[in-house]
Amino acid sequence: MNKDHFDIAIVGGGIIGLAQAWERAKKGQKVILFERNPQAQGASIRNFGMIWPIGQPTDSYPVALKSREIWLELAEKANFWAAATGSLHLAYHEDEWAILNEFHALYHNKPYSIELLTPEMVSQKSAAVKTKGLFGALFSSTEVNVDPRQAVWQMHKYLKEVLNVHIEYKTVISAIDFPRLYSGKKVWQAEKIILCTGEDLETLVSVCLSTYFLIKKVFLALGQKNETSLHRKSATEICRGLREIFFISKGLLSVKKHIYLPLLSLEEALRARSVSC
């Protein structure tokens, strides 16, 4: 096979691109990933590194737990720090404490893994908490902390060294004419192309995207009703996939034949026994 011909070409080396590459490479597909910088530098690096299932509503909580499971699996395989510390939600006012008690009463059996703590119990969990004036706290056991910079870099290394993903750094894909991708005079070919480029997306498929939705408005909507979306639910699902679920891409949205955007289908993900595309 031509060394410049691949099963899958992924444009964008952030967390969404890495997720796509990992899912396909572990199935034995020949994958190439393009990153415009010497290392990933976008939103995947500039975030708080919190895997936060407790922040999800009940319908997406199982998917968030699956995401957590994948993060911990990759942390072990790619050798990056992931601390399953859980989270403390502190109440210093009566109304805050009332809300935590109400939430606990509603959901302490399912689906969340939560418990109410007295100030004394809180101090045993974390010496950093000021207990003066503290009514109590809600503890959730499912949250995980990672260092996003280290995690992304280690995943790049793991994909290259263990799963044989070919990564082209400092490579800007300036044009796509399926099955070809262009960067200056360099040309690659792939059976399927997946775009995970964030803000650069419009420069590659702006004409195609205008048929479906105005991508900036969809991202800014964050699940609100959006008149520019062809399918309002799709806007919600895309934002949920990128903003909340963060790592699981269950499906792909075709913007042109053989050219795709990652798309989370929540209903399918909830039914799935494992996450794969």
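As the structure is a computational prediction, the values presented were derived from the model and not from experiment.

Trainee: What exactly am I supposed to notice about the packing of helix α2 (residues 61-78) against helix α5 (residues 148-161) here?
Mentor: Any two packed helices are characterised by the angle at which their axes cross and by the distance between the axes. At their nearest, the axes of α2 and α5 sit 9 Å apart, and the two run at 65° to each other. Relative to α5, the crossing made by α2 is left-handed. Contacts between α2 and α5 pair W71, L74, K77 and A78 from the former with A151, Q154, M155 and Y158 from the latter. Considered class by class, the residues forming the contact of α2 with α5 number six nonpolar, one polar and one charged.

Trainee: Is there a simple way to explain the packing of helix α1 (residues 15-25) against α5 in this structure?
Mentor: Across the interface, α1 lies against α5 with an axial gap of 11 Å and an inter-helix angle of 25°. When the axes of α1 and α5 are compared, the pair comes out roughly parallel. Read as a crossing pair, α1 and α5 show a hand that is left-handed. Contacts between α1 and α5 involve I15, L18, A21 and W22 from the first element and V152, M155, H156, Y158 and L159 from the second. Looking at the contact of α1 with α5 residue by residue, the classes come out as eight nonpolar, one polar and no charged.

Trainee: How should I be thinking about the confidence of the model for the protein in this particular structure?
Mentor: The predicted structure's coordinates, where accompanied by low pLDDT, should not be read in detail. On average, the protein scores 79 in pLDDT, and the residues at 70 or more come to 71%. Across the protein, the secondary-structure element scoring lowest on mean pLDDT is helix α8 (residues 232-245), at 34, and the one scoring highest is strand β7 (residues 136-140), at 98. Segment residues 207-250 is flagged for pLDDT under 50; beyond a separation of four residues in sequence, or across chains, it makes 94 contacts in the model. Residue range residues 264-277 is modelled with pLDDT below 50. Its contacts to residues more than four positions away, or to other chains, number 37 contacts.

Trainee: How do you make sense of the pattern of salt bridges when you look at a structure like this?
Mentor: Side chains that differ in sign of charge can pair as their charged atoms come close. All chains considered together, the criterion is met by four salt bridges. Close ionic contact of E73 with K77 constitutes a salt bridge, the shortest N to O distance being 2.8 Å. One end of the pair, E73, and the other, K77, are both in helix α2, four residues apart, so they sit about a helical turn from each other. For E73, a relative accessible area of 28% corresponds to the partly exposed category. By relative accessible area, which is 44% here, K77 ends up partly exposed.

Trainee: Please clarify how the environment of E191 should be interpreted in this entry.
Mentor: Mapped onto the secondary structure, E191 falls in strand β12 (residues 186-195). Exposure remark for E191: the relative accessible area of 45% places this residue in the partly exposed category. Between the C-alpha atom of E191 and that of R180, which follows or precedes it by 11 residues, the distance is 9.2 Å. A distance of 2.6 Å separates polar atoms of two side chains, one belonging to E191 and the other to H5.

Trainee: Would you explain α1 in this entry?
Mentor: An α-helical turn contains 3.6 residues, so a residue and the one three or four places further along point in the same direction. For α1, the buried fraction is high: 11 of the 11 residues fall into the buried class. If you check which residues of α1 are buried, you get I15, I16, G17, L18, A19, Q20, A21, W22, E23, R24 and A25.

Trainee: In this structure, what is going on with the packing of aromatic side chains? I would like to understand it.
Mentor: We describe a pair of aromatic rings using the distance from one ring centre to the other and the angle between the two ring planes. Enumeration over the complete set of coordinates arrives at six aromatic pairs. Where F34 meets W188, the ring centres are 4.8 Å apart and the plane angle is 65°; that geometry is what we call edge-to-face. Remark: W188 occurs in strand β12 and F34 occurs in strand β2 (residues 31-34); sequence separation between them is 154 residues. As far as burial versus exposure is concerned, F34 and W188 are alike and both buried. Cluster of aromatic residues (ring-pair linked, three or more members): Y61, F103, Y107 and Y112. It is K26 that lies over the ring of W22; its NZ or CZ is 3.6 Å from the centre. Positioned above the aromatic ring of F139, the side-chain terminus of K125 is 3.9 Å from the ring centre.

Cut-offs and rules
- Residues numbered from 1 in each chain as written.
- Predicted model: local features only at pLDDT ≥ 70, side-chain atom pairs only at ≥ 80, totals over all residues.
- Heavy atoms only, no water.
- Axes fitted to C-alpha atoms, helices over the stretch in contact; angles between N-to-C directions.
- Helix = DSSP H or I, 4+ residues; strand = E, 2+ residues; numbered from the N terminus.
- Left-handed = near helix turned anticlockwise from the far one by under 90°.
- Contact = heavy atoms within 4.5 Å.
- Nonpolar A, V, L, I, M, F, W, Y, C, P; charged D, E, K, R; others polar.
- Parallel < 35°, antiparallel > 145°, perpendicular 65-115°, else oblique.
- pLDDT = per-residue confidence, 0-100.
- Salt bridge = Lys/Arg side-chain N within 4 Å of Asp/Glu carboxyl O.
- Buried < 20%, exposed > 50% of the residue type's maximum accessible area, 1.4 Å probe, protein only.
- Polar contact = N/O pair within 3.5 Å; in protein donor to acceptor, adjacent residues only side chain to side chain.
- Phe/Tyr/Trp six-rings, centres within 6.5 Å; stacked < 30°, edge-to-face > 60°.
- Lys NZ or Arg CZ within 6 Å of the ring centre and 35° of its normal.

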